[in-house]
Amino acid sequence: MIISYNWLSEYLPKIIEPEKLSKILTSIGLEVESLHKYEAVKGGLQGLVIGEVLTCEKHPDADKLKLTTVNIGAEEKLQIVCGAHNVAAGQKVVVATIGTTIYPFNGEPMTMKKAKIRGVESQGMICAEDEIGLGESHAGIMVLPHDTVAGTLLSDFFNLTDDHIFEIGLTPNRSDAMSHLGVARDVCAYLSHHNKKEKVVRSPFKNNFKPDNQGLQMEVVIENTDACQRYAGVSIEGVTIADSPDWLQQKLKSIGLRPINNIVDITNFILHETGQPLHAFDADAITGKKVIVKNLPEGTPFVTLDEKERKLFAEDLMICNADAPMCIGGVYGGMHSGVSATTKNIFLESAWFNPVNIRKTSLKHGLRTDAATRFEKGVDISNTVHVLKRAATLIKEIAGGQIASDIIDVYPNPKEKTEVALKYHYLKKLSGKNYHGDTIKNILHSLGFELIKEGDDEMRYKVPFSKTDISIGADIVEEIMRIDGLDNVDIPAMITIAPAVETLAHEATYTEKVAEYLAGSGFQEIFTNSITNSAYYDDVVLQHTVKMINNLSEELNVMRPAMMETGLTSIAYNLNRKNNDLKFFEFGKTYAVNEAGKYIEDNHLTIYITGNKTAGGWKGKTEKADFYFLKAVFEKIMNTLGLKADAYAEAENLDLTNALQATIKNQKVAEIGLVSNSKLDRFDIKQPVFYADLNWDRLLKLNKKINIQHQDVSKYPAVNRDLAIIVNKALPFEAVEKATAAAKVNKLTSISLFDIFESEKIGAGKKSMAISFTFLDEEKTMTDKDIDSMMNKIIGAYEKELGAEIRKAP
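Residues numbered from 1 in each chain as written. Predicted model: local features only at pLDDT ≥ 70, side-chain atom pairs only at ≥ 80, totals over all residues. Heavy atoms only, no water.

Draft legend 1. Spatial organisation of the overall build of the chain. Counting secondary structure elements, the chain contains 20 helices and 43 strands. Taking 2.2 N^0.38 as the reference for a compact globule, 810 residues should give roughly 28 Å; the C-alpha atoms of the chain span a radius of gyration of 38 Å, well beyond that estimate. Seen through its C-alpha atoms, the chain measures out along the principal axes to roughly 115 × 90 × 65 Å. Expressed as a percentage of the 810 residues in the chain, the buried residues total 46%. Across the chain, the fraction of contacts at a sequence separation of at least 24, relative to all contacts at a separation of at least 6, is 69%. In the structure as shown, the chain presents an accessible area of about 42100 Å², 50% of it carried by carbon and sulfur atoms. One finds the centroid of the 93 positive side-chain charges in the chain at a distance of 4 Å from the centroid of its 109 negative side-chain charges. (Helix = DSSP H or I, 4+ residues; strand = E, 2+ residues; numbered from the N terminus. Rg over C-alpha atoms; globule rule 2.2 N^0.38 Å. Buried < 20%, exposed > 50% of the residue type's maximum accessible area, 1.4 Å probe, protein only. Contact = heavy atoms within 4.5 Å. Areas by Shrake-Rupley, 256 points an atom, 1.4 Å probe, with all protein chains shown as cover. Lys, Arg positive; Asp, Glu negative; His and termini not counted. Charge placed at Lys NZ, Arg CZ, Asp CG, Glu CD.)

Laid out in structure tokens, this is it:
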């Protein structure tokens with residue numbers, strides 16, 4: 001939520017410094033995530049001054065340049081070389097003096113320096129509007145009105161004012177604070193409570209609404225009174241569509257909105273001032289002078305403002321004229337009924353739409369507008385007409401015309417205010433603080449609550465319509481604590497807790513161990529959204545995918561059935577920002593529905609590697625990541641878990657190439673490989689990505705069955721021996737490991753492959769494998785005889801099982 005400090009201050013009873021106001025907002029639950037200075041024009045036009053061109057002559061050494069003398073209100077006149085075709089003596093112009101930094105509309109900032117242009121000294125620059133950020137035109141220098149005084153600062157001439165912008169992290173339940181007036185109401189309640197003196201909002205509502213005539217009457221009919229519980233409107237004739245005045249444009253720009261025209265700008269201004277969305281129709285497009293609020297048949301075509309034809313759903317609430325739909329109620333306007341440059345008469349709508357209906361329609365059509373956001377969180381139904389009167393008065397003032405009807409207010413079933421009881425002991429229980437009865441009444445009164453009953457241990461209040469989230473006593477406790485200040489919550493001297501039994505200690509321990517290993521190896525942990533886009537998956541996968549009923553957006557509509565896609569999104573994001581060497585890991589869940597309709601959640605550990613595994617430097621060369629690096633990482637993780645894959649086989653995964661699947665006791669525990677090009681193309685990734693997906697639930701279950709034994713570090717030294725064997729070229733090292741295990745050499749503690757050599761000298765279709773063995777006896781120091789005996793046993797196994805030939809040293 002974006003709030004302008006200057007705009008907010010207009011409703012406060014006194015001026016509060018931005019930094020102090022930021023602390024107050026955070027204290028009352030409107031957490032300020034950032035506070036920054038806003039400049040209407042970048043640089044604030046600082047250093048730019050208005051000058052008068054005294055003389056203008058041709059440059060002595062350039063046909064297209066002119067030599068001018070400029071008066072900027074100082075004793076010394078400036079000599080400036082100018083290349084603009086329209087510069088002339090007697091003009092009032094914008095001058096950037098030496099040392100001034102200008103901020104072009106498109107371009108980098110530039111600081112003025114004394115310079116010689118074609119041999120003539122130039123003491124500044126006469127500026128065009130795009131050169132100082134005031135516009136896009138570069139047709140010539142800016143020429144100001146003749147009566148402008150030379151020496152006037154340009155910032156004073158344009159009356160630019162600085163502002164500060166609060167970015168508030170608004171929680172979803174705080175619809176009452178989605179406007180400048182709503183925030184001001186909370187601030188005034190805080191000031192009233194802490195200053196012990198009532199402070200009220202400086203209301204913008206004036207009792208000056210008055211119809212000029214009854215020349216443009218409309219009839220309003222609500223057919224769906226549940227989806228639209230109140231609908232008000234007023235007609236205004238003879239308006240002139242034009243640009244908004246500077247004050248209005250400035251307010252909208254400060255909160256990031258682009259001014260469009262006076263009518264649209266006023267509706268946007270009212271939305272951000274009061275929180276009530278409005279919609280302006282071209283009254284001449286309302287056939288039959290009748291506005292009907294109703295639902296249309298499923299599949300009815302409707303062209304929206306963005307010129308797209310949409311097929312309506314049966315639940316969509318439509319604002320129609322006598323013949324056709326004009327607007328998707330509370331969500332988006334229609335192409336043929338909105339305000340245009342030729343509009344002369346308007347019908348202004350202010351309504352209350354059911355939040356549930358609005359949210360469904362907004363999400364189904366993918367139309368997340370400011371109006372829909374307000375309506376789906378709930379707006380103040382009692383404010384519908386007040387806001388409409390203020391908007392109509394503003395339109396008459398700014399766009400001219402006459403109010404051509406009374407307010408039409410269709411409110412079939414007026415709502416009653418919610419009543420909520422608050423018990424004193426319940427307030428103390430939740431807040432941990434004893435509040436005096438008068439303090440409670442004053443806080444709630446300042447927020448608009450109406451006391452209807454007071455007893456010895458209970459108060460009963462009517463909740464203002466603006467507080468759409470208040471329904472139980474705990475909600476009122478929250479309101480009291482907010483205004484008292486969330487930073488004033490008492491910390492008790494003693495905290496009583498019940499001891500808990502940790503049921504997930506095993507899982508947490510090994511998750512932490514593996515995460516520490518990966519982080520220590522240069523990997524970074526990522527957390528990606530478990531809600532993703534169904535477009536990533538084919539129809540076969542989508543048959544068992546968990547689909548969102550009330551998805552946040554059109555793209556985020558399923559729970560992820562696999563981890564790869566969300567991780568590749570992060571890879572693509574970093575690659576697009578030139579972070580080309582990436583090592584990521586993520587613990588996360590996948591979701592599915594089985595044939596019986598039961599939801600399934602599986603925990604995974606995924607690893608992503610792309611680019612270089614090590615950076616080059618004076619100590620070594622750059623090394624690219626490859627499949628073997630990924631496999632080594634996988635095996636280290638398995639070792640950390642006390643596990644080892646029984647077998648590797650080719651993985652049947654179309655999203656991977658050159659991939660293996662690892663199994664333990666015939667259970668698949670992991671897939672590792674290179675992400676396929678077709679999958680990478682979906683994310684516009686141009687470099688290889690290595691990927692491993694470990695079934696974390698299955699690995700932890702296998703890990704639980706392991707009986708881990710501890711032993712002292714041996715007092716006797718280990719002995720290493722190397723051996724080179726010549727074997728068939730196609731023989732995998734896995735076969736060597738199995739043959740070694742079959743030899744049953746008890747003192748052998750480890751075996752590793754450290755070199756492979758291929759040459760015609762050792763035979764066609766053959767290769768040499770260099771293997772290192774480590775032996776250890778826990779009871780004595782081994783002799784050469786002991787080692788030779790074990791090596792002979794291993795060699796015999798290789799010759800028999802592998803058909804190996806021992807390679808002799810030359």
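Draft legend 2. Fine view of the pairing of strand β28 (residues 458-462). Only one face of β28 is covered, namely the one carrying Met459 and Tyr461; the face carrying Glu458, Arg460 and Lys462 has none of its residues buried. Pairing analysis gives four bridges linking strand β27 (residues 450-454) to β28, with the strands arranged antiparallel. Residue Glu454 lies in a different strand from β28, and its bridge partner there is Met459. Hairpin connection from β27 to β28: three residues lie between these consecutive antiparallel strands. (Pairing = 2+ DSSP bridges.)

Draft legend 3. Region of the structure containing the sheet that holds strand β26 (residues 419-423). On the basis of which strands lie adjacent, the open sheet formed by three strands has the order β26-β28-β27 and antiparallel pairing. The outermost strands of the open sheet, each flanked by one partner alone, are β26 and β27. Sheet twist, expressed as the mean angle between neighbouring strand axes with direction ignored, is 30°. Helix-sheet contacts for helix α11 (residues 437-446) involve β26, β27 and β28, and the interaxial angle to β28 is about 5°. (Axes fitted to C-alpha atoms, helices over the stretch in contact; angles between N-to-C directions.)

Draft legend 4. Representation of the sheet that holds strand β1 (residues 2-4) in the model. Taken together, three strands build an open sheet; the order of strands is β1-β13-β2 and the sheet is antiparallel. Strands with a single pairing partner mark the edges of an open sheet, and in this sheet they are β1 and β2 (32-38). Looking at each pair of strands side by side, their axes are set apart by 25° on average, direction ignored. Of the pairings in the sheet, the one linking β2 to strand β13 (residues 163-168) comprises six bridges and is antiparallel in character. Residue pairing across strands places Lys37 opposite His164, the latter belonging to β13.

Draft legend 5. Highlighting the packing of aromatic side chains. The tally for this structure, following the rule as stated, stands at 14 aromatic pairs. Note on Phe449 and Tyr461: the rings are 6.3 Å apart at their centroids and 85° apart in plane angle, and the pair reads as edge-to-face. A residue pair is termed long-range when its members are at least 10 positions apart, and Phe449 in the loop between α11 and β27 and Tyr461 in strand β28 qualify at twelve residues. Tyr461 matches Phe449 in its accessibility class, with the two residues each being buried. Judged by centre distance (5.8 Å) and plane angle (80°), the rings of Phe627 and Tyr628 are edge-to-face. (Phe/Tyr/Trp six-rings, centres within 6.5 Å; stacked < 30°, edge-to-face > 60°.)

Draft legend 6. Focus on the nonpolar core. With 71 residues, the main nonpolar core has Leu21, Leu25, Val187, Ile395, Ile440 and Ile480 as its most contacted residues. If we skip the residues at most four places from it in the chain, Leu21 touches Tyr5, Leu8, Leu12, Ile16, Phe166 and Val187. (Core = buried A, V, L, I, M, F, W, Y, C linked by side-chain atoms within 4.5 Å.)

Draft legend 7. Inspection of the environment of Gly299 at higher detail. The topology assignment puts Gly299 in the loop between β17 (290-295) and β18 (301-303). For Gly299, a relative accessible area of 33% corresponds to the partly exposed category. Sequence separation between Gly299 and Glu419 is 120 residues; the distance between their C-alpha atoms is 41 Å. The contacts of Gly299, once residues within four sequence positions are left out, are Lys311 and Leu312.

Draft legend 8. A look at helix α18 (residues 696-704). Taken together, the buried positions of α18 are Trp696, Leu699, Leu700, Leu702 and Asn703. Axial view of α18: buried residues confined to an arc of 160°, hence all on one face. Exposed side chains of α18 directed beyond 90 degrees from the buried face belong to Lys701 and Lys704. (Arc of directions from axis to C-beta.)

Draft legend 9. Region of interest: the side chain of Asn533. The residue Asn533 is located in the loop between β30 (531-532) and α14 (539-542) in this model. At 3.0 Å, the side chain of Asn533 and the backbone nitrogen of Ala535 are in polar contact. (Polar contact = N/O pair within 3.5 Å; in protein donor to acceptor, adjacent residues only side chain to side chain.)

Draft legend 10. Local environment of a positive patch on the surface. On the surface, Lys665, Arg698, Lys701 and Lys705 cluster together to form a positively charged patch. Here Lys665 shows up in the loop between β37 (656-664) and β38 (667-675). (Patch = residues over 30% accessible without salt bridge, like charges linked within 9 Å, V, L, I, M, F, W, Y side chains within 5 Å. Salt bridge = Lys/Arg side-chain N within 4 Å of Asp/Glu carboxyl O.)

Draft legend 11. View of helix α19 (residues 733-742). Looking at α19, one finds that the buried residues are Phe733, Val736, Ala739 and Thr740. Down the axis of α19, the buried set is contained in an arc of 115°. They therefore lie on one face. Across α19 from its buried face, at more than 90 degrees, point the exposed residues Lys738, Ala741 and Ala742. Where α19 is buried, its residues meet β41 (748-757), β42 (766-775) and α20 (784-801). Lys744, located one to two residues past α19, shows a positive phi value of around 55°.

Draft legend 12. Inspection of the side chain of Asp693 at higher detail. On the secondary structure map, Asp693 appears in strand β39 (residues 689-695). Lys668 provides the closest opposite charge to the buried, unpaired Asp693, separated from it by 7.6 Å. A distance of 2.8 Å separates the side chain of Asp693 from the side chain of His604, its partner in a polar contact. Residues in contact with Asp693, not counting those within four places in the same chain, are His604, Leu605, Thr606, Val669, Ala670 and Glu671.

Draft legend 13. Structural context of the environment of Ile241. By secondary structure assignment, the location of Ile241 is in the loop between β15 (228-237) and α5 (246-254). Along the backbone, Ile241 and Pro301 are 60 residues apart, and their C-alpha atoms lie at a distance of 29 Å. Other than its neighbours up to four places away in sequence, Ile241 contacts Asn261, Asn262, Ile263, Val339, Ser340, Ala341 and Thr343.

Draft legend 14. Looking closely at the packing of helix α4 (residues 180-195) against helix α12 (residues 473-484). Where α4 meets α12, the closest approach of the two axes is 8 Å, and the angle between their N-to-C directions is 70°. By the angle between their axes, α4 is roughly perpendicular relative to α12. Contact residues: α4 offers Asp186, Ala189, Tyr190, His193 and His194, while α12 offers Arg482, Ile483 and Asp484. Looking at the contact of α4 with α12 residue by residue, the class counts come to three nonpolar, two polar and three charged. (Parallel < 35°, antiparallel > 145°, perpendicular 65-115°, else oblique. Nonpolar A, V, L, I, M, F, W, Y, C, P; charged D, E, K, R; others polar.)

Draft legend 15. Layout of unusual backbone geometry. Residues other than glycine seldom take positive phi values, yet Lys196 does so here, at roughly 55°. Here Lys196 falls in the exposed class, since its relative accessible area comes to 68%. In the Ramachandran plot, Lys578 falls in the positive-phi region, its phi being about 65° despite a non-glycine side chain. Tracing the sequence through the fold places Lys578 in the loop between α15 (564-575) and β32 (582-593). With a relative accessible area of 70%, Lys578 lands in the exposed category.

Draft legend 16. Here's a closer look at the pattern of salt bridges. Across all of its chains, the model carries 39 salt bridges by this definition. Linking Lys423 and Glu458 is a salt bridge whose minimum nitrogen-to-oxygen distance equals 2.9 Å. One end of the pair, Lys423, is in strand β26; the other, Glu458, is in strand β28, and 35 residues separate them in sequence. The closest approach of N and O atoms between Glu635 and Lys631, which form a salt bridge, is 2.7 Å. Residue Glu635 and its partner Lys631 are both found in helix α16 (residues 627-640); the two are separated by four residues, about one turn of the helix. Judged by relative accessible area, which is 35%, Glu635 ranks as partly exposed. A single network of salt bridges, built from pairs that share partners, joins Arg174, Asp176, Asp186, Lys467, Glu479 and Arg482.

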